[in-house]
Amino acid sequence: MNRPLVLALLCFASSAAHALAPADYVRHNIEPPAATLDAWRQRKNAEALDNDTQRRDRLERVIANFAQRTVWWNTTLPRPASKAPGPVVVNGIQIVTAPRTWLPAHYTCHLPAVVPDAPGDNDPTTRPMQAHAEQPPPVSLASWTPDAPYLARLRQMDPADVYAACLGQKQEYANNSGFFLDAADILFDKGRRDLALRVLSNLAEMAHEDRALMRLLGYRLMQAGEPALAVPVLRKVLQLAGDEPLSYRDLGLALAANGETQEAVDILYQVVERPWHPRFPEIGNIVLADMNAIIAAANKPLDLRRIDPRLRANLPLDLRVVLTWDADNSDIDLRITAPDDENAKSLEDPARYGARMSHNITGGYGPEEYSLRRAAPGKYRIHASYLADGRQVLPGPTSVQVKVMSHFGTPRQKEQSVTLRMKGRGQTVLVGEFEV
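Quick caveat, the model's predicted, so the values are computed rather than measured. (Residues numbered from 1 in each chain as written. Predicted model: local features only at pLDDT ≥ 70, side-chain atom pairs only at ≥ 80, totals over all residues. Heavy atoms only, no water.)

J.: Please explain the overall build of the protein chain as it appears in this structure.
T.: When helices and strands are tallied, the protein chain shows 12 helices and 12 strands. Counting the 436 residues in the protein chain, one finds 50% classified as buried. Restricting the contact set of the protein chain to residue pairs at least 6 apart, pairs at least 24 apart contribute 71%. (Helix = DSSP H or I, 4+ residues; strand = E, 2+ residues; numbered from the N terminus. Buried < 20%, exposed > 50% of the residue type's maximum accessible area, 1.4 Å probe, protein only. Contact = heavy atoms within 4.5 Å.)

Structure below.
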């Protein structure tokens with residue numbers, strides 16, 4: 001809640017002779033009247049001690065989980081024999097992957113050469129393994145084509161006419177974010193980045209207090225290779241949703257992409273340290289992978305004194321896939337089918353030959369992560385399955401983002417990402433495929 005509004009409400013309640021407990025003032029970090037000041041200070045000190053204890057307990061759990069991840073990473077397993085994948089069938093219909101057309105080369109992320117964190121810092125746990133000699137696997141992300149009635153007409157227009165149509169129909173679609181997202185995609189397809197970015201700016205005007213919409217705008221700007229534009233948008237998301245670890249992760253990754261590495265590491269480590277709601281299991285380990293890869297790629301010394309040394313280990317991967325989505329209280333599953341037709345689902349159902357899937361997130365947002373240290377030759381398929389939705393309001397389409405990274409955590413890291421919209425429960429989408 002807005003702080004001045006909270007203060008006004010408390011003052012009104014006090015003037016109305018309502019008895020407010022010190023906890024009300026502690027919760028909103030507002031100093032109370034003199035009559036309850038001592039009780040407020042005692043409760044505030046007690047809460048601070050409790051928070052410190054929770055942080056220490058949280059950090060020890062993350063350290064234990066990271067140790068397990070390190071054991072997994074250091075375990076050498078045989079590569080499976082490759083074989084051609086069978087057809088993908090959903091609801092009786094065979095799905096064929098189409099190439100993603102609007103992600104040009106500038107979406108590929110090239111990490112700079114690795115430099116030690118500081119002179120004399122030769123700790124091998126923070127240095128990545130030597131990059132593999134083979135080329136990164138080609139990635140083909142599925143082309144998601146919405147079926148809104150206005151799209152056929154927009155696709156046939158010249159770019160300038162598409163932009164003019166957006167301006168002309170701005171009032172008609174003032175509450176339909178999908179219209180502006182689709183129009184921006186068309187302009188990206190037509191090579192008009194400048195106009196596409198202008199169209200996307202309408203999302204910020206529509207609902208700058210809507211964390212889901214602002215988060216989606218940040219994602220689209222990142223996909224467009226515009227981290228400098230994404231950073232202020234994702235800072236706003238953090239203000240709106242500071243109780244969600246994904247807000248910190250999104251901002252940290254955008255800062256790193258924008259060259260603001262120290263702040264990126266500091267923000268990502270907050271995700272590692274802070275206690276979170278149980279519906280975000282293993283978020284610390286996923287963010288540690290992000291953070292350690294960023295540290296390893298830093299081209300200037302960083303201040304890492306705050307980070308527990310037991311958590312400083314870059315664990316490079318042949319392949320990494322991360323799924324996030326923009327809906328609270330919902331369950332969307334990431335599923336990867338390997339060349340031997342094995343379906344990696346979760347830590348409770350681990351894949352053979354070294355693949356690792358993070359815990360299943362059933363309460364919204366993600367992230368869910370697939371990690372593979374040594375990729376077997378063959379074709380891998382990525383699916384997203386919409387399993388459940390517990391939102392109390394009538395849900396609209398849910399935006400899903402999938403990011404695929406090859407040679408993750410090495411100087412040759414490359415990535416591609418795609419955002420698509422899913423309609424609701426029971427839907428399974430073939431997001432894309434990659435071949436090793």
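J.: Sorry if this is basic, but what is going on with helix α11 (residues 261–273) here?
T.: Think of an α-helix as turning once every 3.6 residues; residues three or four places apart then point the same way. Taking 1.5 Å per residue, 13 residues should reach 18 Å; α11 reaches 18 Å between its end C-alpha atoms and fits that length. What α11 keeps buried is the set Thr261, Ala264, Val265, Ile267, Leu268, Tyr269, Val271, Val272 and Glu273. (Expected span 1.5 Å × (residues − 1).)

J.: How should the sheet that holds strand β8 (residues 368–372) be read in this particular structure?
T.: Pairing between the strands of a sheet comes from backbone hydrogen bonds, and it takes one of two forms, parallel or antiparallel. In space, the 5 strands of this open sheet follow the order β7-β8-β4-β10-β11, with antiparallel pairing throughout. Pairing within the sheet leaves two strands with one partner each, and these edge strands are β7 (355–357) and β11 (414–422). Strand-to-strand twist across the sheet, computed as the mean angle between neighbouring axes with direction ignored, equals 10 degrees. Of the strand pairs in this sheet, strand β4 (residues 317–325) and strand β10 (residues 398–408) are connected by 8 bridges, and their pairing is antiparallel. Bridge pairing in β10 links Val321 to Val404. (Pairing = 2+ DSSP bridges. Axes fitted to C-alpha atoms, helices over the stretch in contact; angles between N-to-C directions.)

J.: Can you help me understand the pairing of β10 in this one?
T.: The side chains of a regular strand alternate, first on one face of the sheet and then on the other. Among the 11 residues that make up β10, 11 are buried, leaving the element largely enclosed by the rest of the structure. With 9 bridges connecting them, β10 and β11 associate as antiparallel partners. Among the inter-strand pairings, Thr398 is bridged to a residue of β11, identified as Met422.

J.: Help me understand the pattern of salt bridges, please; the structure alone is not making it clear to me.
T.: Between side chains of opposite charge, a pair can form as their charged atoms come close. Taken as a whole, this structure holds 23 salt bridges when the rule is applied. One salt bridge connects Arg193 with Glu226, and the closest N-O pair in it is separated by 2.7 Å. With a gap of 33 residues between them, Arg193 in helix α7 (residues 193–206) and Glu226 in the loop between α8 (211–223) and α9 (227–240) connect regions that are remote in the sequence. By relative accessible area, which is 24% here, Arg193 ends up partly exposed. Given a relative accessible area of 21%, Glu226 falls into the partly exposed group. Salt-bridge contacts for Glu209 lead to Lys236; the nearest nitrogen and oxygen are separated by 3.0 Å. (Salt bridge = Lys/Arg side-chain N within 4 Å of Asp/Glu carboxyl O.)

So yeah, pure geometry; function would need other evidence.
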